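A look at the structure
Residues per chain, in single letters:
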Amino acid sequence: MAQRLDQDTIDHFYRDGVTVLRGVFRNWVDTLRAGIAANMADPNPNARIYRGDDGGGRFFVDYCSWHRIAEYKQFIFESPAAEIGAELMQSERVQLFHEHILVKEAQAGVPTPWHQDMPYYCIDGPKTLSLWIPLDAVPRERTLEFVAGSHAWDKRFRPQRFNGEPLNAHDGLEDIPDIDNHRDDYPIVGWDLEPGDAVAFDYRTVHGAPPNHSASAERRAFSLRLVGDGVRFARHEGIVTSPPFPNLTLQHGDELVADEFPMLLENSRKIAAPEAVT
Ligand SMILES: O=C(O)CCC(=O)C(=O)O
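Within each chain, residue numbers correspond to sequence positions counted from 1 in written order. Per-residue local features of the predicted model are confined to residues with pLDDT of at least 70, and side-chain atom pairs are confined, for both listing and counting, to 80 or more; whole-chain, interface and lining totals are unaffected and use all residues. Water and hydrogen atoms play no part in the side-chain values, which are based on all heavy atoms of the structure.

1. Let's talk about helix α2 (residues 29–41)
Helical segments are the DSSP runs of H or I of at least four residues, strand segments are the runs of E of at least two, and each set is numbered from the N terminus. For a helix, the expected span equals 1.5 Å multiplied by the residue count minus one. With 13 residues, α2 extends 18 Å from end C-alpha to end C-alpha; this agrees with the ideal 18 Å at 1.5 Å per step. Think of it in three bands: with a 1.4 Å probe and only protein chains considered, a residue is buried below 20% of the maximum accessible area for its type, exposed above 50%, and partly exposed in between. Those residues of α2 not exposed but buried are V29, T31, L32, G35, I36 and N39. Within α2, the buried residues cover an arc of 160 degrees as seen down the axis, which keeps them to one side. Within α2, the exposed residues directed more than 90 degrees away from the buried face are D30 and A41. Along its buried surface, α2 packs onto β3 (58–63), α3 (70–78), β4 (93–104), β7 (128–134) and β12 (219–227). Read the arc as the range of directions from the helix axis to the C-beta atoms. Working rule for contacts: check all heavy atoms of both residues, and any pair within 4.5 Å makes them a contact.

So this is what it looks like as structure tokens:
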């Protein structure tokens, strides 16, 4: 398998827990835009819509639709995402965890609060990757931002819904620090992005995004969640996860073997979509 990423990019991902990949999904922008349009026309019952106090555009969030949205399935199984995942995670296996779409319509006055992804999830393990793919140009002032190096803090912060409600009232986790009021204390990074670029980050890296104050431009993003070698199912009694994956019968510590999480690549070999979902 030909190497797609240079060593500096891989080193950057390991050092900072985040890196930018320019143009890697340029040929998939139309497919993903069509998928998001289909998804927004037919959302899951648990899709969430957040609105700011000023009555501007919506912040639309949905996930786990890849088995019913043909364009998502095509992207997941046919794009170079799995190969890129193998290189960045330095992993023999790349498995789908899920996809997540995050659309901030023009004038959506809702920030994405600072958070880590890992504490929301029913998994644990060393090799994780989100590929956040913008489908509109995103200038620096409204891009997704990261605290460089926070993947190595050895912390798990309390997950909250994007309106600030905690996901679990009593999870024993600590609150995320007030980064917005102490921005100078943190190494915050973010990039101007073009459609089809991707920001690649570890599930432990702290990140957040400002509202979309543009008068007319949407900010559509497709976030692909991949996992690599050594990731296991993690169930904590009484704790709600997001996504919830209600049909899983896995036990805490099990390997992540379930139809929800198809293998995409193993030992450099790409795996086709399972028949049941093609
Ligand atoms: O798109 C956003 O505003 C947030 C994205 C995010 O938190 C994620 O992809 O994990």
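Next comes the rest of the description.
2. Quick notes on the sheet that holds strand β5 (residues 112–115)
Pairing between two strands requires that DSSP report at least two bridges joining them. One open sheet holds the four strands; their spatial order is β5-β11-β8-β9, and the pairing between them is antiparallel. Lying at the two open borders of the sheet, with one neighbouring strand each, are β5 and β9 (188–189). Bridge count between β5 and strand β11 (residues 207–209): two bridges; the pairing is antiparallel. Along β11, the bridge assignment pairs H115 with H207.

3. Section: the environment of P119
With respect to the helices, strands and loops of the structure, P119 is situated in the loop between β5 and β6 (123–124). Spatially, the C-alpha atoms of P119 and F157 are 6.8 Å apart, while their sequence positions differ by 38 residues. What P119 contacts, discounting residues up to four positions off in sequence, is R156, F157, P159 and L173.

4. Description of unusual backbone geometry
A cis amide bond links S242 to the next residue, P243, at an omega of 0 degrees. The residue P243 is located in the loop between β13 (232–233) and β14 (263–266) in this model. In this structure, D154 takes a positive phi of about 60 degrees despite not being glycine. Position of D154 relative to the elements: it lies in the loop between β8 (145–147) and β9. If you check the backbone angles, N267 has positive phi at about 50 degrees while not being a glycine. The topology assignment puts N267 in the loop between β14 and β15 (269–270). The exposure class assigned to N267 is exposed, which follows from its relative accessible area of 54%.

5. Description of the site of the ligand
The environment of the ligand is made up of 14 residues, and the closest members are T112, D117, W132, R219 and S223. We call two N or O atoms a polar contact when they sit within 3.5 Å, provided that within protein one can donate a hydrogen and the other can accept it, with sequence-adjacent residues counted only if both atoms are side-chain atoms. At 2.9 Å, a side-chain N or O of H207 approaches an oxygen atom of the ligand. Side-chain polar atom of S223 to an oxygen atom of the ligand: 2.8 Å apart, as the coordinates give it. With the chains in place, 100% of the 290 Å² that the ligand exposes on its own is no longer accessible. Elements supplying a minimum of two residues to the shell around the ligand: β4, β5, β11 and β12. Whether a residue is near a molecule or strand depends on its heavy atoms: if one lies within 4 Å, it is near. To be clear on the numbers: accessible area is Shrake-Rupley with a 1.4 Å probe, and residue cover counts the displayed protein chains and nothing else.

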